[in-house]
Amino acid sequence: MIDESIGHPPLGPLKLVEAEDAVARSSKASTNKKQSARDRIITAAEELFATKGLHGTSLREIARTAAINVNLISYYFAEKEDLYDAVVDARAALLNDARAISLDALEHRYSPEPVPVPEIIRSLIHPFFALRGEDRAGWDYWVHLLDRETGTDLFTNAMARNLSVVLRRYLYCLHRSVPNADRVDLLFVLELTTRAMVMGSEWDMQAIVPDHATEMFLDDKAVEERIVRSMSAAALSFNNSTA
């Protein structure tokens, strides 16, 4: 269980929830919809996990940033890793819902024929760029906090929860369009596509090519088009596979 105190007697979990909800209800000045206490915790944790890492972020910092009592975090999340999972899953759900809508529309549009390969690739990555266009900082935080945990069980489990089902559906659709390709090759292309999708983040490019990062990667439309063209060509190159 999470155990971090702030030096004064804690309120009971239900009282904390009631208190936080009362605060949210009492100030509706500038927006019609206020974040719940749980959502404020997730929003605060996202930025801190991205900039300081999971293990470099204390619960006190999250509570301070979210403007909530630190003990409320343990009401919603038994472990800090559970909070990390919630942060990852929140944006992954938005992304995958948009992907599903896009692919549904494409399959309906082209039925009974296969969907053209470039349309499939674009359907996989365009929702990310569209959502990032509405909240660039938030999505860059999300990319970076995932990158920090690459190779760990947290990352592996996050991919299993949020990406494996999506890629299976895209693989089925792509194989219809490239029927002579080996499914393993097409899965490789789809995995590369998802990696290329986040490659243009300033987090990485400013460090690797600081003199050219802005001109090369800040134009999301150009990045998207490069990925569609290159990954479509890669998928189609496997259509004559004899393996």
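Residues numbered from 1 in each chain as written. Predicted model: local features only at pLDDT ≥ 70, side-chain atom pairs only at ≥ 80, totals over all residues. Heavy atoms only, no water.

Thoughts on the environment of Ala37
So, step 1. Within the secondary structure, Ala37 is located in helix H2 (residues 37-52).
So, step 2. A relative accessible area of 2% means that Ala37 is categorised as buried.
So, step 3. C-alpha of Ala37 to C-alpha of Ala66: the two residues are 29 residues apart in sequence and 8.0 Å apart in space. (Helix = DSSP H or I, 4+ residues; strand = E, 2+ residues; numbered from the N terminus. Buried < 20%, exposed > 50% of the residue type's maximum accessible area, 1.4 Å probe, protein only.)

Considerations on unusual backbone geometry
So, step 1. For the bond from Ser111 to Pro112, the omega torsion is 10°, close enough to zero to count as cis.
So, step 2. In this structure, Pro112 sits in the loop between helix H5 (80-110) and helix H6 (117-134).
So, step 3. The backbone of Ala67 sits at a positive phi, close to 60°, despite the residue not being glycine.
So, step 4. Relative to the assigned elements, Ala67 resides in the loop between helix H3 (59-66) and helix H4 (71-76).
So, step 5. Take Ala67: its relative accessible area is 60%, and that puts it in the exposed class.

Some points on helix H9 (residues 164-177)
So, step 1. Taking 1.5 Å per residue, 14 residues should reach 20 Å; H9 reaches 20 Å between its end C-alpha atoms and fits that length.
So, step 2. Along H9, the residues that are buried comprise Val166, Leu167, Tyr170, Leu171, Cys173, Leu174, His175 and Ser177. (Expected span 1.5 Å × (residues − 1).)

Observations regarding the packing of aromatic side chains
So, step 1. Enumeration according to the criterion identifies 6 aromatic pairs in this entry.
So, step 2. Note on Tyr76 and Phe77: the rings are 6.3 Å apart at their centroids and 50° apart in plane angle, and the pair reads as tilted.
So, step 3. A ring pair is formed by Trp139 and Trp142, whose centres lie 5.2 Å apart and whose planes are at 75°; its orientation type is edge-to-face. Note that Trp139 and Trp142 are positioned in helix H7 (residues 136-148) at a spacing of 3 residues, about one turn of the helix.
So, step 4. For Trp139, a relative accessible area of 2% gives the class buried.
So, step 5. Taken together, the ring pairs in this structure connect Phe128, Phe129, Trp139 and Trp142 into an aromatic cluster.
So, step 6. Over the ring of Trp139 we find Arg91; its NZ or CZ atom is 4.9 Å from the centre of that ring. (Phe/Tyr/Trp six-rings, centres within 6.5 Å; stacked < 30°, edge-to-face > 60°. Lys NZ or Arg CZ within 6 Å of the ring centre and 35° of its normal.)

As for the layout of surface pockets
So, step 1. Quantified by volume, the largest pocket comes out at close to 710 Å³.
So, step 2. Phe155, Met159, Leu163, Thr194 and Arg195 are, among the 29 residues lining the largest pocket, the residues nearest its centre.
So, step 3. Secondary structure elements with two or more residues in the lining of the largest pocket: H5, H7, helix H8 (153-162), H9 and helix H10 (183-199).
So, step 4. With 9 residues, H10 is the largest single contributor of residues to the lining of the largest pocket.
So, step 5. When its residues are assigned to classes, the lining of the largest pocket shows 18 nonpolar, 5 polar and 6 charged.
So, step 6. Put simply, the second largest pocket is a space of about 290 Å³.
So, step 7. Lining the second largest pocket are 13 residues, with Gln35, Thr43, Glu46, Arg91 and Asp135 positioned closest to its centre.
So, step 8. Of all the secondary structure elements, the ones that give two or more residues to the lining of the second largest pocket are H2, H5 and H7.
So, step 9. If one sorts the elements of the lining of the second largest pocket by residue count, H2 sits on top with 5 residues.
So, step 10. Classifying every residue of the lining of the second largest pocket gives 5 nonpolar, 3 polar and 5 charged. (1 Å grid on protein atoms, 1.4 Å probe; cavity = no way out; pocket = protein on both sides within 12 Å on 5 of 7 lines; lining within 4 Å. Points joined across faces, edges and corners; volume = space filled by probe spheres on them. Nonpolar A, V, L, I, M, F, W, Y, C, P; charged D, E, K, R; others polar.)

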